[in-house]
Structure formats: C-alpha cells, structure tokens
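# A structural walkthrough
Next come the chains, spelled out residue by residue.
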Amino acid sequence: MTDLPPPDFPAPDLPPPELPPLRHVVNRHGLFATKALGQKFLFDELLLDRIARVPGSLKGQNVLEVGPGPGGLTRALLRAGANVTAIEMDRRCLPALAELAEAFPGKLTVIEGDATKISPEALFDAPWHVAANLPYNVGTQLFTGWLSGQDWPPRWKSLTLMFQLEVAERIVARPGTDAYGRLAVLAQWRAAPRIAMKVHRSAFTPPPKVMSAIVHVEPAAMPAGVSARMLERVTEAAFGQRRKMLRQSLKGLPGALDALDSLGIDSQRRAETLGVEEFVAIARSLTK
C-alpha cells in the first residue's frame, strides 16, 4: 500500500502573544500624553477590544491607524487579526510600537510622520479600513479629508474613529437640531455614519474634560450629477452665516438664489432647516 502524503490542511490560528499590561509599557518607556499632540491614552483592554470589533471581522484586513501612541488600540486590532499600518509622529512612542511589531511578526508596519501629509492610497495595494483614537487637534481635519474628493466609492471600506462626543453628535445630527451643520451634510450625503458607542472621560489617562464617542462610517451610494466640491462650497456659504436667511448667506455664490427658486426652496429659510437631500439638490443644480 502506497503511503499518501498528509492532507494539506491550513495551519491553525495561533493564539495572540502574551503582552505586558499597557500601563507597564508606558511607564517603562517614560511615556505621557502630551496636550500639544492632542494625545489621550486608553488602557482598558476590554474596551479596546470592543472598539476593534465595531467594523466587524478584521481578520486578514488592512487597517490604517492614526496616532497609535503606545499601541493600545493597535494591540486590539492585531488581536482581531488585522494587518495594521500605523502612522505616529511622536517618536517617543516608536520603541513601544517596535516591541509590538516584534510580538506580531509581519502584521504591523509603523510609519513615523504626520498623517495629514501622508496619502493612504500610497500605503495600500488593496482597500483598507481606518480605525483610530484620533488626536483631538487633527481629528476633524482628517475625517473631512477622507470624506472629500469626487472619486466615490472611496478605497477605504469603513471608518471607526474616536471623537469628542460633541463632534460625534455633529457628524450624525439631523436637520433642525443645534448640532446640525456643514459636518453633518458632508458626512451623510454619500455615507452612513452612526455613533457606535460612547466612552466616558474616566477611561482615558489623563482624563479629558469632555466625553468621547466612537463613530462608525460606511460608504453609501453617491447621488448622481453632483460635484463634491460644489456641495462643499454650498455648505460652506450656507453654514458660514447660519443665523442668516439663505438669501443672504448664499447671495455670494453665483446662481445659488436662482437654484433655490427653481427648486422651490424658500430663500427665507436658514441653513439648519434644510435636509441633506436639499443641499444635494442645490449643489446638483449648480454643478457644471
């Protein structure tokens, strides 16, 4: 009887490596959160694992992380099976991240630099998720950058981002509410944002003065015939003087008042009363 080779079964998944408590890593490397960089550290591993589960299964998925700091969320993403590319501008954190890369061979790439000046498209050959405990001082800038541009759907598959609760509420706000504004329109016109969970200020070291929240965003269908840049111009003008009527706030935008008239939108209304679809309609009528 001829001996047959053993069946080619895939190798079983290995358990994640044992890691020292994150607080010990921070103390050993003499790290502390700096206000200038908008840093805030999370040490609760269970909470971090919950955040890493928000996008769904990340096994084998590419994930971009901005501002990993000592690597709290990075650990959770790696435990979830992700291939993580982390951008960190605080070089004090690089040795701790290097240790994490050694613990998860081939799974973590660390780039020293400013995430606002690095294009994710240059980092990945395949679509990616974004998951980040964003620095407070650049969070909104990065978020609006990921949402902008005419090309849609984007190459990112989802955004799972920590914001101040006030900013998170602005992203998901509905018309007629105090939180509703330009950020809500830009986030909702071709994407589906939601608040996945709130995070108490006491979870952070040092604790910030405000509550935080995790916002999860997935791309949606882009309305036809609309220039993204024109929508940005319309919302910038409308909400730049949000207490004024549209006939005043939009008068500097050529063709805007005629567009209101043709669409049957009362020019005496204020920006916060218009729904996302109404802003899209105005931008469509002005798109050349």
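Above this text you will find the structure in question.
Rules behind the numbers
- Residues numbered from 1 in each chain as written.
- Predicted model: local features only at pLDDT ≥ 70, side-chain atom pairs only at ≥ 80, totals over all residues.
- Heavy atoms only, no water.
- Buried < 20%, exposed > 50% of the residue type's maximum accessible area, 1.4 Å probe, protein only.
- Helix = DSSP H or I, 4+ residues; strand = E, 2+ residues; numbered from the N terminus.
- Pairing = 2+ DSSP bridges.
- Right-handed = clockwise from strand over helix to strand, strands pointing away.
- Phe/Tyr/Trp six-rings, centres within 6.5 Å; stacked < 30°, edge-to-face > 60°.
- Contact = heavy atoms within 4.5 Å.
- Axes fitted to C-alpha atoms, helices over the stretch in contact; angles between N-to-C directions.
- Salt bridge = Lys/Arg side-chain N within 4 Å of Asp/Glu carboxyl O.

## A short note on the pairing of strand β3 (residues 83-88)
A regular strand places its side chains on the two faces of the sheet in alternate fashion. Where burial is concerned, most of β3 is hidden: five out of the six residues are buried. Bridge count for strand β2 (residues 62-66) against β3 is five bridges, and the pairing is parallel. Its bridge partner lying in β3, Val66 is registered against Ile87. Regarding topology, helix α3 (residues 72-79) serves as the crossover connection from β2 to the parallel β3, and that connection is right-handed. Note that β3 and strand β4 (residues 108-112) share five bridges and pair parallel. Bridge pairing in β4 links Thr85 to Thr109.

## Digging into the packing of aromatic side chains
According to the stated counting rule, one finds six aromatic pairs in the structure shown. Here Trp152 and Trp156 contribute two aromatic rings whose centre-to-centre distance is 5.9 Å and whose plane-to-plane angle is 85°, an arrangement assigned as edge-to-face. The two residues Trp152 and Trp156 agree in class, both being buried. Measuring from ring centre to ring centre gives 5.9 Å for Tyr180 and Phe239, while their planes differ by 80°; the resulting arrangement is edge-to-face.

## Some details on the environment of Glu232
Secondary-structure assignment places Glu232 in helix α8 (residues 228-240). Linking Glu232 and Met245, residues 13 residues apart in sequence, is a C-alpha distance of 18 Å. When neighbours within four sequence positions are excluded, Glu232 is seen to be in contact with Ser148, Gly149, Arg182 and Leu186.

## Focus on the sheet that holds strand β6 (residues 156-164)
The strand order β4-β3-β2-β5-β6-β9-β7 describes an open sheet built from seven strands, whose pairing is mixed. Edge positions in the sheet fall to β4 and β7 (191-199), since each of these pairs with one other strand and no more. Mean inter-strand twist for the sheet, computed between neighbouring axes without regard to direction, equals 20°. On the sheet, helix α5 (residues 139-147) packs against β2, β5 (128-132), β6, β7 and β9 (212-219) and is oriented at approximately 160° with respect to β6. Along the sheet, helix α6 (residues 165-172) makes contact with β6, β7 and β9, crossing β6 at roughly 135°.

## Remarks on the pattern of salt bridges
All told, the structure shown has nine salt bridges when counted by the stated rule. Across the pair Glu99 and Arg28 runs a salt bridge whose closest N-O atoms are separated by 3.0 Å. Of this pair, Glu99 sits in helix α4 (residues 94-103) while Arg28 is found in helix α1 (residues 22-28), placing the two residues 71 residues apart along the sequence. According to the relative accessible area criterion, Glu99 is partly exposed, its value standing at 31%. Close ionic contact of Asp49 with Arg79 constitutes a salt bridge, the shortest N to O distance being 2.9 Å. You can see Asp49 sitting in helix α2 (residues 45-53) and its partner Arg79 sitting in helix α3, a full 30 residues away along the chain. Using a relative accessible area of 29% as the deciding quantity, one classes Arg79 as partly exposed. Here the salt bridges share partners, and the residues they tie into one network are Glu45, Asp49, Arg75 and Arg79.

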